[in-house]
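If you want the building blocks of each chain, they are given just below.
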Amino acid sequence: MNEKVTVITGASSGIGEALAKQLGAKGHRLVLGARRENELKRVAGGIGSNAIPVTTDVTRRKDVEHLKDVALERFGHVDVWVNNAGRGITKSVMELTDQEFDEIVAVVLKSVFYGMQTIVPHFQERGQGHLINVSSFLGRVPLIPYRSIYSAMKSAVNVLTANLRVDLKAKYPRIHVSTVMPGVVDTDFQKVAGSPFPVRAGSTLGPQRVQSANEVAVQIVSLIDHPVAELYTNPAAPELAQQYFRDVALFEESMLRRRSSGN
Ligand SMILES: NC(=O)c1ccc[n+]([C@@H]2O[C@H](COP(=O)([O-])OP(=O)(O)OC[C@H]3O[C@@H](n4cnc5c(N)ncnc54)[C@H](OP(=O)(O)O)[C@@H]3O)[C@@H](O)[C@H]2O)c1
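The shown structure was predicted, so the numbers you read here are calculated from the model rather than taken from an experiment. (Residues numbered from 1 in each chain as written. Predicted model: local features only at pLDDT ≥ 70, side-chain atom pairs only at ≥ 80, totals over all residues. Heavy atoms only, no water.)

Student: Break down the overall build of the protein chain for me, citing the residues and quoting the values.
Tutor: Counting its secondary structure elements, the protein chain contains nine helices and eleven strands. Since a compact globule built from 263 residues should have a radius of gyration of about 18 Å, the 18 Å found for the protein chain is in line with a globular shape. Seen through its C-alpha atoms, the protein chain measures out along the principal axes to roughly 55 × 45 × 40 Å. As displayed, the protein chain offers around 12500 Å² of accessible surface, 53% of which is attributable to carbon and sulfur atoms. (Helix = DSSP H or I, 4+ residues; strand = E, 2+ residues; numbered from the N terminus. Rg over C-alpha atoms; globule rule 2.2 N^0.38 Å. Areas by Shrake-Rupley, 256 points an atom, 1.4 Å probe, with all protein chains shown as cover.)

Student: Break down helix H4 (residues 98-126) for me, with residues and values.
Tutor: Side chains three or four residues apart in an α-helix point the same way, a direct result of the helix having 3.6 residues per turn. For H4, built from 29 residues, the straight-helix expectation of 42 Å at 1.5 Å per residue is met to within 8% by its first-to-last C-alpha distance of 41 Å. Maximal helix bending in H4 amounts to about 35°, located at Lys110. With its phi angle positive at about 75°, Gly127 sits one or two positions after the end of H4. (Expected span 1.5 Å × (residues − 1). Bend = angle between axes of the 7 residues up to and from the residue.)

Student: Give me the lowdown on empty space enclosed by the protein, citing residues and values where you can.
Tutor: Taken as a whole and assessed by the stated rule, the structure comprises one cavity of 30 Å³ or more. Here the largest cavity defines a volume of roughly 40 Å³. Taken together, Thr9, Val58, Asn83, Asn84, Ala85, Ser111 and Val112 make up the full set of residues lining the largest cavity. Considered class by class, the residues forming the lining of the largest cavity number three nonpolar, four polar and no charged. (1 Å grid on protein atoms, 1.4 Å probe; cavity = no way out; pocket = protein on both sides within 12 Å on 5 of 7 lines; lining within 4 Å. Points joined across faces, edges and corners; volume = space filled by probe spheres on them. Nonpolar A, V, L, I, M, F, W, Y, C, P; charged D, E, K, R; others polar.)

Student: I'd like a rundown of the environment of Leu160, residues and numbers included.
Tutor: The topology assignment puts Leu160 in helix H5 (residues 148-169). Separated by 31 residues in the primary sequence, Leu160 and Gly129 have C-alpha atoms spaced 18 Å apart. With near-sequence residues (within four places) excluded, Leu160 lies in contact with Leu109 and Met116. (Contact = heavy atoms within 4.5 Å.)

Student: Mind laying out the sheet that holds strand E3 (residues 51-55), listing which residues take part and the relevant values?
Tutor: In space, the seven strands of this open sheet follow the order E3-E2-E1-E4-E5-E6-E11, with parallel pairing throughout. Two strands close off the open sheet at either side, each with one partner strand: E3 and strand E11 (230-232). Averaged over all adjacent pairs, the angle separating strand axes in this sheet is 15°, with direction ignored. With six bridges joining them, strand E5 (residues 129-134) and strand E6 (residues 175-181) adopt parallel strand pairing. Pairing of Asn133 across the sheet is with Thr179, part of E6. Along the sheet, helix H2 (residues 37-47) makes contact with strand E2 (29-34) and E3, crossing E3 at roughly 175°. (Pairing = 2+ DSSP bridges. Axes fitted to C-alpha atoms, helices over the stretch in contact; angles between N-to-C directions.)

Student: Report on the pattern of salt bridges, specifying residues and quantitative values.
Tutor: Scanning all chains against the criterion turns up 13 salt bridges. Notably, a salt bridge pairs Lys91 with Glu100, separated by 2.5 Å at the nearest N-O pair. Owing to a relative accessible area of 16%, Glu100 belongs among the buried residues under this scheme. Arg246 is the salt-bridge partner of Glu239, the closest N and O atoms lying 3.5 Å from each other. (Salt bridge = Lys/Arg side-chain N within 4 Å of Asp/Glu carboxyl O. Buried < 20%, exposed > 50% of the residue type's maximum accessible area, 1.4 Å probe, protein only.)

Student: Residue-level account of the packing of H4 against H5, with values.
Tutor: Two elements in contact, H4 and H5, have axes separated by 9 Å at closest approach and are oriented at 15°. Relative to H5, H4 is oriented roughly parallel. Of the two possible hands of crossing, H4 and H5 adopt the one that is right-handed. Seen from H4, the contacting residues are Phe101, Ile104, Val105, Val108, Leu109, Val112, Met116, Val120 and Gln124; seen from H5, they are Ile149, Tyr150, Met153, Lys154, Ala156, Val157, Leu160, Leu164 and Leu168. Along the lines of polarity and charge, the residues of the contact of H4 with H5 split into 16 nonpolar, one polar and one charged. (Parallel < 35°, antiparallel > 145°, perpendicular 65-115°, else oblique. Left-handed = near helix turned anticlockwise from the far one by under 90°.)

Here it is in structure tokens:
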């Protein structure tokens, strides 16, 4: 059994829940954070006494620090910290209000910043650890204009994660820093974001097959066993990213063609 101590934010549903269940089955000791206490208790209760639910709002630095404190009190150290909590919004750049903009900055970007600043000093003390930031393919390629600020903040997550990785690499070679970029995943994400397009695992959306939360979690479990800098969970993603960076104008034209043909 693998007895790593792993903290996961956004563990009350979707990818975080699936990851918690899979790691729990492998023997990880878990500290799970999210705002909905009942949902979090349901997830932790299904895993067993080695999963501790901690009501957490990741937009508050104090809550994130409390999550770490509980992990240290309960298990003595942290091996893996997964900044997974987040939510989207379905608004174009020109439709966004100031309040919506600030909310997404807080929940997508600031939450990850808080998580990094909270756990990295502990990893530095131990000389080891694995930080995993769940970003999005939309942080690499701005594929969906109505995800606007969400996509922009995930891009910022990618950059901060890469900056931290380089900062730590020379002095702390046993601290791993990874970015996970899922494509479209069948979770509550679309509903919470107010998306008019429900997605189903196994169906196709544009060039991507919609993944299930379990499929994505399997890949994150494997990432914990074999750390790499960046993980695209959707098989179509690497080629799409290359197409984008090869010729942005051509890529955007093909997006517009797909949009007008309804695919
Ligand atoms: N589904 C996709 O298509 C997709 C694609 C790419 C990337 N992602 C990313 O994957 C991650 C997980 O999303 P998901 O697809 O699993 O969606 P989900 O089922 O809606 O899960 C989102 C999780 O984040 C938590 N959360 C939201 N706001 C929070 C806050 N202020 N404080 C603490 N927890 C908060 C939610 O818990 P509470 O509501 O209980 O707080 C929930 O556990 C997100 O970072 C998302 O951006 C998703």
